[in-house]
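Now for the letters of each chain:
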Amino acid sequence: MEPADAAYGALLAVRFALAFAPGYLHPDEYFQSLEPAASLLLGTRQPLAWEFNAEQRGREPIRSWAAPLVSCGPGMMLVLPLLSAVMPQSPARAVVLSVRIPLALASLALDAAVATLCRRHGWPVRRTLLVLASAWPLLTYALRPFSNTLELYCLAAALLLALPTPRSPTPSARAMVGLGALLAVGTWIRFTFIIWAAPALYAALIARRSPLLVCAGLIPAAAALIVLDARLYGGVCADTWLSCVTPLEAARYNVKYGNLAAHGVHSRVTHAGLNAPFLFSALFLAFSPACAEEFAAWREARVGDGGRRRDRADAKRSTRRRQSSSATSARAAKIEEPVVTARSVLRWTVLTGLGVLSAAPHQEARFLLPALLPLALLHATDATCNRGRTAMWALYNLGVAAAIGFAHQGGIVGALETARALAIDSASAAPPSALTPGLCDGAVGVLFWRTYSPPTSLTLTGEMGEIVKLRLEIVDLMSAHVDAVAYELRAKLDVKYAPSMLKNYGSSPFFAPVSRWRAACAGGVYIVMPAPRVAAARAAAAAARVNLTLLEEVWPHASAEDPPWALDDARLVVLRAEEPAAEDRD
């Protein structure tokens, strides 16, 4: 076996191992994909994220159901029954893995697309595959049900259909129709896909001037997606289908600065100066000088020898003269179109995506995930041209993949499993009672503090994805002040004591009660938090006459907000909140 083949096999093993890792990359990993899909396919019926909740926003939805159905649907329908039979005691992990395993298998199709593109254009196949397979964004983001992940896969398909080759410089009619359908699907999955696919579409239309073929694929696919969203959303979408064109609604929402400010505002150079180097490291560093060469070549092609291309001012002043000139002078003044090559399409794919997305004030690293494919095709050799660069590339990417994919917020799913087990124990001790929204009557109350938002749908599924009605109330305290946490704990234990605490702590500028439940949690009160915050929480709880007792630890767990400075801190702890004994009160 060749060393490159052995290395690729090892990287595949790492990829599938990270698919089983407990890391939690971003809330959108669950709330924009798994939660909507679980609500629709498993019947969990938990409140959906605001993007899917048209009634909450008071206007049309901005997310299509295509993304959660494509990313999570096959796994929930086909893989989840098998996993539920194998691991019946861990339904939450079964749901998560049922989504990640099909995505890991789909990533093999991405490898095949890269190998095909390399063979068509004479680029190094093995080196490109090794660089792609070892890139940490592929080992983490591409295995999670983000819309950016599907955007990456759609871009790979678009490049396969549209990139010109020496043997086939003109795409076939079937490829043009398929490209149109792919544009519709990709844009409905994420509205920015049209930005990434624009250079490939341009190259295809230059090679074969047949926009009608593109429309023949785009229009039926777009109509089908509009009907799908109208049927699933109902309401105003069911009455007027054209009012639920989700890519247009998403674009309208994202062009308003005030809307993006609610999600966080970044500098316009965050993508180019921070996110792209963080994601792509040596690939992006090699891309910068190549951009300068590409721009110089483009400028030379546009200007031409002997000044054949007039500048715009001269063109405007001489428009009337050219119109009345002879056919010979018109042919002499004609501008030649630059030759579109595969490498130029790839470079413009990165430049277009990076440039347009940098114009928006809200910039998250995963928005640039589609750029991984063209950068790997362009600069895999540059990033690993010698042993030193290869070692640096491998150490950086595998290290980041392990830290983010394995440890980052890794205890949340395990803590949800614990919360579900506590609710089951409580239900076996007393008959279930109907819960009133916003109350905690007779339920187990579990508070999550200083963690990512817990996906509550994972606590509602049992074997074979069946829905289990549990007496469980989960509250996300986010990053509330520790005094607010103490108030919440006391309010759940003794509602009569809470008003006096509110009076005492209400003057604090950092204090704001998160919820106003009017009844205590008779089934027990628990709080989940990172280990570095336990000492502060216990001190505040003691001042509120609440004892916190360690119940369980979930490994590993780490976050940038509460970094584990010691190995013992890399855990998420579940604490039981109890009133002190009578002698302790005195």
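Residues numbered from 1 in each chain as written. Predicted model: local features only at pLDDT ≥ 70, side-chain atom pairs only at ≥ 80, totals over all residues. Heavy atoms only, no water.

Novice: What am I meant to see in the overall build of the protein here?
Specialist: The helix and strand tally for the protein stands at 27 helices and 5 strands. Considering the protein as a whole, with its 586 residues, one finds that 51% of them fall into the buried category. Considering only contacts within the protein whose residues lie at least 6 apart along the sequence, 79% involve residues at least 24 apart. By element, 61% of the accessible surface of the protein is carried by carbon and sulfur atoms, the whole surface being about 26,600 Å². (Helix = DSSP H or I, 4+ residues; strand = E, 2+ residues; numbered from the N terminus. Buried < 20%, exposed > 50% of the residue type's maximum accessible area, 1.4 Å probe, protein only. Contact = heavy atoms within 4.5 Å. Areas by Shrake-Rupley, 256 points an atom, 1.4 Å probe, with all protein chains shown as cover.)

Novice: Could you clarify how one ought to interpret a nonpolar patch on the surface in this entry?
Specialist: Together, Leu40, Leu41, Met77, Leu78 and Leu232 make up an exposed nonpolar region whose accessible area comes to about 430 Å². Sorting the residues of the nonpolar patch by element identifies helix 2 (28–42) and helix 4 (66–86) as the ones contributing at least two each. With respect to the element layout, leucine 78 can be found in helix 4. (Patch = residues over 30% accessible without salt bridge, like charges linked within 9 Å, V, L, I, M, F, W, Y side chains within 5 Å. Salt bridge = Lys/Arg side-chain N within 4 Å of Asp/Glu carboxyl O.)

Novice: Can you walk me through the pairing of strand 3 (residues 525–530) in this structure?
Specialist: Here is the key point about a regular strand: its side chains alternate between the two faces of the sheet. In terms of burial, strand 3 is a largely internal element, 6 of the 6 residues being buried. By the bridge criterion, 4 bridges tie strand 1 (residues 444–449) to strand 3 in an arrangement that is parallel. Bridged to valine 446 within strand 3 is tyrosine 526. With 6 bridges connecting them, strand 3 and strand 5 (residues 572–578) associate as antiparallel partners. Note that in strand 5 the partner of proline 530 across the bridge is leucine 572. (Pairing = 2+ DSSP bridges.)

Novice: Can you help me understand the pattern of salt bridges in this one?
Specialist: Using the criterion set out here, one finds 14 salt bridges in the structure. One salt bridge connects arginine 190 with glutamate 151, and the closest N-O pair in it is separated by 3.8 Å. With a gap of 39 residues between them, arginine 190 in the loop between helix 9 (173–189) and helix 10 (193–207) and glutamate 151 in helix 8 (residues 147–162) connect regions that are remote in the sequence. Residue classification places arginine 190 among the buried positions, given a relative accessible area of 7%. A residue is classified by how much of its surface remains accessible, and glutamate 151, at 1% relative accessible area, is buried. Between arginine 450 and aspartate 562 there is a salt bridge whose closest N-O contact spans 3.0 Å. With a gap of 112 residues between them, arginine 450 in the loop between strand 1 and strand 2 (472–478) and aspartate 562 in the loop between strand 4 (547–554) and strand 5 connect regions that are remote in the sequence. By relative accessible area, arginine 450 is classed as buried at 16%. Each of Asp28, Glu364 and Arg366 takes part in salt bridges that share partners, so that together they form one network.

Novice: What is the right way to look at the side chain of histidine 557 in this model?
Specialist: Relative to the elements of secondary structure, histidine 557 occurs in the loop between strand 4 and strand 5. Within the local environment of histidine 557, its side chain forms a polar contact with the backbone nitrogen of glycine 411, the two atoms lying 3.1 Å apart. (Polar contact = N/O pair within 3.5 Å; in protein donor to acceptor, adjacent residues only side chain to side chain.)

Novice: Can you walk me through the sheet that holds strand 1 in this structure?
Specialist: Sheet strands pair by backbone hydrogen bonding; their relative direction is either parallel or antiparallel. The strand order across the open sheet formed by 5 strands is 2-1-3-5-4, and the pairing between neighbours is mixed. For this open sheet the edge positions go to strand 2 and strand 4, each flanked by a neighbour on one side alone. Looking at each pair of strands side by side, their axes are set apart by 25° on average, direction ignored. As paired elements, strand 4 and strand 5 share 7 bridges and run antiparallel to each other. Residue pairing for strand 5: glutamate 553 is matched across the bridge by valine 573. Sheet contacts for helix 24 (residues 482–493): strand 1, strand 2, strand 3, strand 4 and strand 5; angle to strand 3, the most-contacted strand, approximately 160°. Its contacts with the sheet place helix 26 (residues 534–543) against strand 1, strand 3, strand 4 and strand 5, and it is angled at close to 155° to strand 4. (Axes fitted to C-alpha atoms, helices over the stretch in contact; angles between N-to-C directions.)

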